[in-house]
Amino acid sequence: MAGYGPNDFARWLRQRRAVRASQAGQPSSNWDDFYEDGRPVEFDPNRYSGCLRGIVLTILLVIVVLYMFTCGPFQGDDTTGQIGSNTVATSATSGTTGTSGTTGTTGTSSTTSTTQPRRSFSDPILAGILNLLGVEVDPDSPEVDEIADLLDDFIDSISTQMPAYRGPEIDITRAYLFSAVLTVAQADAAFNDSAFECGDTDPVVVCVTDPLDVAEGPLLVVAVQTAADIPTASTDKSYVYSLVFDSNGDPGNDWVGNPPFDWDFFIGSDRWYQAVYSHQNGEWALTATQLGDDTVPVPAQPSAVRVVISGDWVIWFVPEAEIAAFPGALRPVTFAHDGAFTVSTRGGDVLGANPTEPLVAPPADPVPVP
């Protein structure tokens, strides 16, 4: 049934007042408009429901409009508390206190330029060792290369030979490569006086016999991570962790390997650093070898190289003076065997798919020192 409008409602009120006046014995006029079929008309709320709904909706609409103009987004955001402020809140990222409130007071628009803090390596072992070096390194900077390596990609020095040993402690997972320029104080504190003393066992620090001091100046850092902690005192297996270079950039005197070792781990290099662990005597040693012009290896080179082994990291520190084409293209290598390099017990890994791939060139620029 259709609802009644405001005129009908007013008519009913007039009729109702006339009925009440008549009942009270008071004179009234014009009664005809409130009788139907000889009966007084009583108010039916349903007949006027349309009117009531219209009144309610009008009131609600007025409330919404008032809210929009007094409590809504036109008032300004919560960071400034000022109407009309266009300030960009920066306190959460820059640590600046009161920036947005001050700007909002004047009604001006502004943005804050901040310098993001330098990140450090998330791995606590690597971060701790680099902190001892005294150089702050941001792993996201262009002066740092992070190179990932496939898991379970073990190889043998003969390409057709399946590696017999596939231990996670020789499975390279990634490497970080960068160089830093050390002051005299930093070189002495880290290597010569020193945080990394040759022969230390926690962490293991390996040096050549009669090591040279690390001098001030550029130092290459190569941090190699494996899939499991490296056994530093194994009683049943021997290990060789190596870092090989094309130290002069001349492929004419690089190692090519001897048959049948077509995947000799040192192919394409002319300078070899090998941290060797013998399970027969339980000792670590470092050898430095340089190839001559006739590609004949000349071992027992004098060296200031340091190798730090801790957890699943092998971290090499190579001074500029030992690499003619510093920082030099390089390849990290891992190898395990029974002490006699027996085919049925050996296995290894290189950074990359196999030793026939080119060596990796570290970033030429050193990391900035704060």
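Residues numbered from 1 in each chain as written. Predicted model: local features only at pLDDT ≥ 70, side-chain atom pairs only at ≥ 80, totals over all residues. Heavy atoms only, no water.

**Q** How would you explain the sheet that holds strand 11 (residues 306–310) if you had to name every residue and give the values?
**A** The strand order across the open sheet built from six strands is 3-4-6-12-11-5, with neighbouring strands paired in antiparallel fashion. Lying at the two open borders of the sheet, with one neighbouring strand each, are strand 3 (145–148) and strand 5 (204–206). Going across the sheet, the axis of each strand differs from the next one's by a mean of 15°, ignoring polarity. Where strand 6 (residues 217–226) and strand 12 (residues 313–319) come together, seven bridges link them in antiparallel fashion. Considered in strand 12, the bridge of Ala223 is made with Ile315. Strands strand 4 (172–182), strand 6, strand 11 and strand 12 of the sheet are contacted by helix 5 (residues 124–133), whose axis makes an angle of about 25° with strand 12. Along the sheet, helix 6 (residues 184–192) makes contact with strand 4, strand 6, strand 11 and strand 12, crossing strand 4 at roughly 135°. (Pairing = 2+ DSSP bridges. Helix = DSSP H or I, 4+ residues; strand = E, 2+ residues; numbered from the N terminus. Axes fitted to C-alpha atoms, helices over the stretch in contact; angles between N-to-C directions. Contact = heavy atoms within 4.5 Å.)

**Q** Which residues make up the nonpolar core, and what values go with them?
**A** Within the largest apolar cluster, 33 residues are counted, with the highest numbers of intra-cluster contacts made by Tyr273, Val307, Trp316 and Val318. Per-element accounting of this core gives the leading share, four residues, to strand 7 (residues 238–246). Formed by 29 residues, the second largest nonpolar core is a distinct cluster that contains Phe121, Leu182, Ala304 and Phe317. (Core = buried A, V, L, I, M, F, W, Y, C linked by side-chain atoms within 4.5 Å. Buried < 20%, exposed > 50% of the residue type's maximum accessible area, 1.4 Å probe, protein only.)

**Q** Please set out the sheet that holds strand 10 (residues 297–298) residue by residue, giving values where relevant.
**A** Within the open sheet, the six strands sit side by side as 10-9-8-7-13-14. Their pairing is antiparallel. With one partner strand each, in any of the chains shown, strand 10 and strand 14 (347–350) form the two edges of the open sheet. Summarising the sheet, strand 7 and strand 8 (residues 271–278) pair through seven bridges and their orientation is antiparallel. Bridged to Leu243 within strand 8 is Tyr273.

**Q** Any chance you could break down the state of the cysteines for me, citing the residues and the numbers?
**A** Under the criterion given, the structure shown has one disulfide. A sulfur-sulfur distance of 1.9 Å marks the disulfide that ties Cys198 to Cys207. Taking the sign of the S-S torsion, -90° for the link of Cys198 and Cys207, the bridge is left-handed. The class of Cys207 is buried, set by a relative accessible area of 10%. (Disulfide = S-S within 2.5 Å.)

**Q** Could you give me a rundown of unusual backbone geometry, with the residues and numbers involved?
**A** With an omega of 5°, the peptide bond between Asp193 and Ser194 qualifies as cis. The topology assignment puts Ser194 in the loop between helix 6 and strand 5. The omega torsion across Phe326 and Pro327 is 0°, close enough to zero to call that bond cis. Counting through the fold element by element, Pro327 comes out in the loop between strand 12 and strand 13 (329–337). With a phi angle near 50°, Asp210 is a residue other than glycine that sits in the positive phi range.

The quantities given are spatial measurements derived from coordinates; they are silent on function.
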